[in-house]
Amino acid sequence: MPEKIMKLDHLVMGTDYYPEHWDESLWESDLSRMEQTGIEMIRIAEFAWNKFEPEDGKFTFAFFDTFLELAAKTNIKVIFGTPTATPPAWLTTKYPEVLNTRIDGVKYRHGGRRQYTYNSPVYNRYVQRIVEQLGAHYGKNECIAGWQIDNEVNCEENEFYSDSDTVAFRDFLKKKYGSIAALNEAWGTVFWNQTYADWNEVFVPQVVLNDSMNPHRRLDFIRFISDSARSFVKMQSNILRRYIKPRDFITTNGLFGHLDNHAMTEESLDFLTYDSYPDFAYTSGGVADKSNLRDRIWTSNLAEVRSVSPVFGIMEQQSGAGGWTSRMKMPEPRPGQIQLWSFQSIANGADYIGYFRWRTSPISTEIYWHGILDYSGRDNRRLAEVQDMKRRMNALAELAGSRFKASFAILKDYDNKWDNEIDLWLNEIDNCSQQGIFAASEHTHTPLDYVYVTDKLSVSDLSEYKVIFYPHPAILTQETVEMLEQYVMQGGTLVFGCRTGLKDSSGRCVQENLPGLAQKCTGADVTDFTLTACDDEKAQVAWDGTTVDALCFTDIVQTCGSGAELAGTYTNNYYAGKGALICRKAGKGTCYYYGSTFSEPAAAVFLKKLGIAEPYDNLFSLSEDIELLVRENEKYRWFFILNYTKSAQSFTVKQELQDAESSRTVQGVQHLNPYQVVVLKQAR
């Protein structure tokens, strides 16, 4: 299968522009100013259905024809959005069944956005028609370089409870299970007398006491939502493919919940784009961030995008303060932060940076979501910073197409991601480890990748990484276990945490010794386990002269099978002296089973013990306040040194490197101003 990557020959700058928000007299001057700023691409139309179909069945293209004629006089290309995120009032009034519904049965009404359901046959019919009309009219337009489907799929709301959704949910379940008896078995409906006798008794989740929905039903509901969203995107993509120019791309933007973004991209898109707003780290009231990483956390989000598309685009990069009149309050980016966050995206694999937005809207809900320009349109420091960013991107043009270089990977999958959302026990455990491993990666300057278990993943994909963490895969399949066993046999190091192998694919707990299907691979036998009590002292593990934290949950383990050794024991609590860490050699590799979570201190110990921490300490001496990210191609390696702090920082370059922008030689102590980024280059 071809890679799902953005293919550009240089780093490209863009912005979002909504001509329907502005008097036509501004269009030409705005386009001219954009071009002077260095803007090469703009996104338009994703909320403009009425401009194409003001009445049911009455189509007109004059408005955007006029705008595209002006754009064609410049060097700016257009990303054209299908306007299906905001159905027109005439449609929702005439056919209220297209509207999504809360779990309590109340419909979401016209006046916001994304108020529709993917599963309304009426809405699907109208969507097909408008996309067909747009594709036929604009598909060959030379000004258009690509298409965005909808906008932020599953944003705002990723649960659907309308009557249409119940009908579609039943069809989804019939296809999956075949019989009502098989459904009852998978969902364990004998518990609390939930057994169904007929498909008509099965609904999307409904209001229940204590909000304690059957978790197996809930898991299938989330799978159904993902399937519905993917089908909605694929329907539009299939239509557009019939009309657009061969070189034009199809994408969509964002990375939202209850959606298998990997499958959606594989089925329907050329690559994924992301909307990056690191200023959420500074929202009014602050953020709950135990690691103190704040906006550096967005590197984790960008790594998620990279797991789908190794080279991707940013459809919306923060350029101003953010907020709606109804929620969210973000400060204006401080001087330097626009470039800092732009480079954060580029360092993680983005070759396109599209700033949201060119002008700040003076109307409606998003009047406080500022763009490059304020309401008046006057020149300001944000515009100057964006202009300078274009200069820097031009100097780094050869970066385009290069790939992020990770030192290890964290394995993920959607079944466990969604099950963790439902299961608050697992949610706490997994959050502790995901945050802990990422923070340890950042503070030890050990770049990571996320890799998702999909039907496309192979042992050769895994073999790119010397070390892989699969922290807490409660749901495991035999196919996944066999692939992981091969990875270890061929020389990989695999690390599991507590609760591994707890459940089957329906989310039911297995009735075998834990870690279930992973027992042979790990050589571990879990004989006892406990959630950490609120009055417990912090559990600790002794591992080859080092003490490791054991937070949230503890498995007591012993060895089983050949090649397994007890590598670590608990030093306190009632299980002092009992097994905590199993190490099993197999073939050329090693598998570890750690009976707890990977908090930052624990994860840092693992990175060091496994020989992957600080992979570039021969080149740099860096403080924890500085982020190090790396991209490479066959000729060069680029090191991004980012200062996210309010204060000046210094670091040491131990060997001669080249400043990638100025080409000057760099060695010795270097200084970074607040929010400054330096890019250094090394021949490979």
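These numbers were taken from a predicted model, which means no experiment stands behind them. Every chain's residues receive numbers from 1 upward, in the order its sequence appears when written. Residues qualify for local features only when their pLDDT is at least 70, as the model is predicted, and side-chain atom pairs are given and counted only at 80 or more; totals for whole chains, interfaces and linings, by contrast, use all residues. As a rule here, side-chain values cover all heavy atoms of the structure and leave hydrogens and water aside.

A. Structural detail: unusual backbone geometry. Of note, the bond from Phe356 into Arg357 is cis; its omega dihedral lies within 30 degrees of zero at -10 degrees. Put simply, DSSP H or I for four residues or longer makes a helix, DSSP E for two residues or longer makes a strand, and each gets a number counted from the N terminus. The residue Arg357 is located in the loop between strand E8 (350–356) and helix H12 (381–395) in this model. Here the amide bond leading from Leu514 into Pro515 is cis, since omega sits at 10 degrees, within 30 degrees of zero. Even without glycine at this site, His258 takes up a positive phi of about 60 degrees. Following the sequence through the fold, His258 ends up in the loop between strand E5 (249–251) and helix H9 (261–268). Exposure categories follow from relative accessible area, calculated using a 1.4 Å probe and restricted to protein chains: below 20% of the type maximum is buried, above 50% is exposed, and the middle band is partly exposed. In this structure His258 comes out as buried when scored by relative accessible area, which is 2%.

B. Quick look at the pattern of salt bridges. Between Lys or Arg on one side and Asp or Glu on the other, a salt bridge is scored when a side-chain nitrogen of the former is within 4 Å of a carboxyl oxygen of the latter. Counted under the stated rule, the structure contains 42 salt bridges. For Arg129, the salt bridge identified is with Asp56, shortest N-O distance 2.8 Å. Residue Arg129 is found in helix H5 (residues 121–138), and its partner Asp56 is found in the loop between helix H2 (49–52) and helix H3 (62–71); the two are separated by 73 residues along the sequence. Of the residues examined, Arg129 reaches a relative accessible area of 29% and is grouped as partly exposed. Taking the relative accessible area as the measure of exposure, Asp56 reaches 30% and is therefore partly exposed. Arg684 is paired through a salt bridge with Glu632; the nearest N and O atoms lie 3.7 Å apart. Within this pair, whereas Arg684 is found in the segment after strand E26 (677–683), its partner Glu632 is found in strand E22 (residues 626–632), the two being separated by 52 residues in sequence. For Arg684, a relative accessible area of 54% puts it in the exposed group.

C. Region of the structure containing the sheet that holds strand E19 (residues 579–586). One open sheet holds the 9 strands; their spatial order is E11-E10-E12-E13-E20-E19-E18-E15-E16, and the pairing between them is mixed. At either end of the open sheet lies a strand with only one pairing partner, and these are strand E11 (448–452) and strand E16 (546–550). Across the sheet, the mean angle from the axis of one strand to that of its neighbour is 25 degrees, orientation sign disregarded. Each pair of strands is called paired provided DSSP finds at least two bridges between the two strands. Where strand E13 (residues 493–496) meets strand E20 (residues 589–594), 4 bridges bridge the pair, whose relative direction is parallel. For Phe496, the partnering residue across the bridge sits in E20 and is Tyr593. Contacts: residue pairs with any heavy atoms within 4.5 Å of one another. With axes taken as lines fitted to C-alpha atoms, and helix axes fitted only over the stretch in contact, angles between N-to-C directions fall between 0 and 180 degrees. Where helix H16 (residues 478–489) meets the sheet, its contacts fall on strand E10 (408–412), strand E12 (467–470), E13, E19 and E20, and the angle it forms with E13 comes to roughly 135 degrees.

D. Representation of empty space enclosed by the protein. The distinction between a cavity and a pocket rests on a 1 Å grid over the protein atoms alone: a 1.4 Å probe fits inside a cavity but cannot get out, while a pocket stays open yet meets protein on both sides within 12 Å along at least five of seven lines, and a residue with an atom within 4 Å of a point counts as lining. Grid points are joined across faces, edges and corners, and a volume is the space filled by probe spheres set on the points. As enumerated under the stated definition, the model contains 1 cavity of 30 Å³ or more in all. Volume-wise, the largest cavity comes out at about 70 Å³. What lines the largest cavity is a set of 14 residues, and nearest its centre among them are Ser441, Glu442, Pro447, Leu628 and Leu629. Where the lining of the largest cavity is concerned, the elements lending two or more residues are helix H10 (298–308), helix H14 (424–443) and E22. The residue makeup of the lining of the largest cavity, split by class, is 6 nonpolar, 5 polar and 3 charged. Note on residue classes: Ala, Val, Leu, Ile, Met, Phe, Trp, Tyr, Cys and Pro are nonpolar, Asp, Glu, Lys and Arg are charged, and everything else, Gly too, is polar.

As far as function goes, none of this settles anything; it's purely spatial.
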